[in-house]
Structures are given as C-alpha cells and as structure tokens.
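One letter stands for each residue in the lines below.
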Amino acid sequence: MSKDDAKDPKEPTYEDYLERDKYNDDEWEYRHVILPKPMLKLLPESYFDPAEPGVLRILAVKEWRDIGITQSVGWEHYEVHAPEPHILLFRREKDFLEKYQAQVAAQARAQQNGKK
C-alpha cells in the first residue's frame, strides 16, 4: 500500500456545495444552498444557534461568503430548517438586479478598484 492509499477520504471543501435552481413568488426569489453534511463540523461554533445545538443560525452576508458560498448581490440567508441544517435557504427581492442595476454596477466597480 502506498502512502497515498493510506490517506483519509477527501474532506469536504466549501467548493463542494450545491446551489438549487431559483424559484419565486410575487415578492421574493429563493434559492437553497446545500452544504456537504460533514462540512457542518468544520464551521465555527459561533455560526450555530446556542438554543438549538447542531442547527445553524441566520448568517450575515460576510459569514456565508467566508465559508465559500458565492452568489450575486442581494441574497440574504433568511431561514434554517432544523431537520436539515446543511441546507441554507436564501432569498432576495424579486427582480432585484433589474431594480438596482446601477447600484450593483457601482458596487462592482468599487470592488474592482479596491483590488488594484
């Protein structure tokens, strides 16, 4: 057996998450992001609801971006489902990009200028 054969199976990475198709109602568009279940063990303890062990709390934009979730602007983590804590539910205002296109473009330019 080689040294490589003895390695543990690949640990989940933040890039392993899945995004489900968007759907909407009259007010919001929604998306579910599914993290690999083993990834929950890698998240900071502060990301979990102290009243419900093992269940994520609502994460701020910076927090969910810090764990590797990338989505366009306007999305907010709005709900958790205790039986499936690895599924994060997101929403944003319906037609967000059309309504705020100029604001989104200005933010993108500002980010690009900050990287230079």
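The residue numbers shown here count from 1 along each chain, following its written sequence. Only residues with pLDDT of at least 70 get local features here, since the model is predicted, and only at 80 or more are side-chain atom pairs given and counted; chain-wide, interface and lining totals rely on the full set of residues. Hydrogens and water molecules were not included; the side-chain quantities draw on all heavy atoms of the structure.

Draft legend 1. Region of the structure containing the overall build of the protein chain. Each helix is a run of H or I in the DSSP string that is no shorter than four residues. Each strand is a run of E no shorter than two, and both are numbered from the N terminus. Secondary structure summary: the protein chain contains 3 helices and 5 strands in total. Written out in order from the N terminus, the α and β elements of the protein chain read β-β-β-α-β-β-α-α. Using a 1.4 Å probe on the protein chains alone, a residue whose accessible area is under 20% of its type maximum counts as buried, one over 50% counts as exposed, and one in between counts as partly exposed. Counting across all 116 residues of the protein chain, residues that qualify as buried make up 28%. Across the protein chain, the fraction of contacts at a sequence separation of at least 24, relative to all contacts at a separation of at least 6, is 47%. Method for areas: the Shrake-Rupley scheme with a 1.4 Å probe, in which residue coverage is limited to the protein chains shown. Taken as a whole, the protein chain presents about 8200 Å² of accessible surface, with 51% of it coming from carbon and sulfur. Note on definitions: a residue-residue contact is assigned when non-hydrogen atoms from the two residues lie within 4.5 Å.

Draft legend 2. Local environment of the pairing of strand 5 (residues 87-93). Where burial is concerned, most of strand 5 is hidden: 5 out of the 7 residues are buried. Across 7 bridges, strand 3 (residues 28-34) lies against strand 5 in antiparallel orientation. Residue pairing for strand 5: Val33 is matched across the bridge by Leu88. Criterion used throughout: strands pair if DSSP finds at least two bridges between them. Bridging between strand 4 (residues 76-80) and strand 5 involves 4 bridges; their strand directions are antiparallel.

Draft legend 3. Up close: the confidence of the model for the protein chain. Taken as a whole, the protein chain shows an average pLDDT of 83; of its residues, 84% reach a score of 70 or greater. Scored below 50 in pLDDT, residues 1-8 makes 1 contact in the model with residues more than four places away or belonging to other chains. pLDDT expresses, on a scale from 0 to 100, how confident the predictor is about each individual residue.

Draft legend 4. Representation of the pattern of salt bridges in the model. In the sections that follow, a salt bridge refers to a side-chain nitrogen of Lys or Arg positioned within 4 Å of a carboxyl oxygen of Asp or Glu. Applying the stated criterion across every chain, the model contains 6 salt bridges. Of the charged contacts, one joins Arg57 and Glu63 as a salt bridge, the two residues approaching to 2.5 Å between their closest N and O atoms. By relative accessible area, Glu63 is classed as buried at 17%. Its salt-bridge partner being Lys99, residue Glu93 comes within 3.0 Å of it at the nearest N-O pair. What makes Lys99 partly exposed here is its relative accessible area of 48%. Via salt bridges that share partners, Lys22, Glu29 and Arg92 belong to a single interconnected network.

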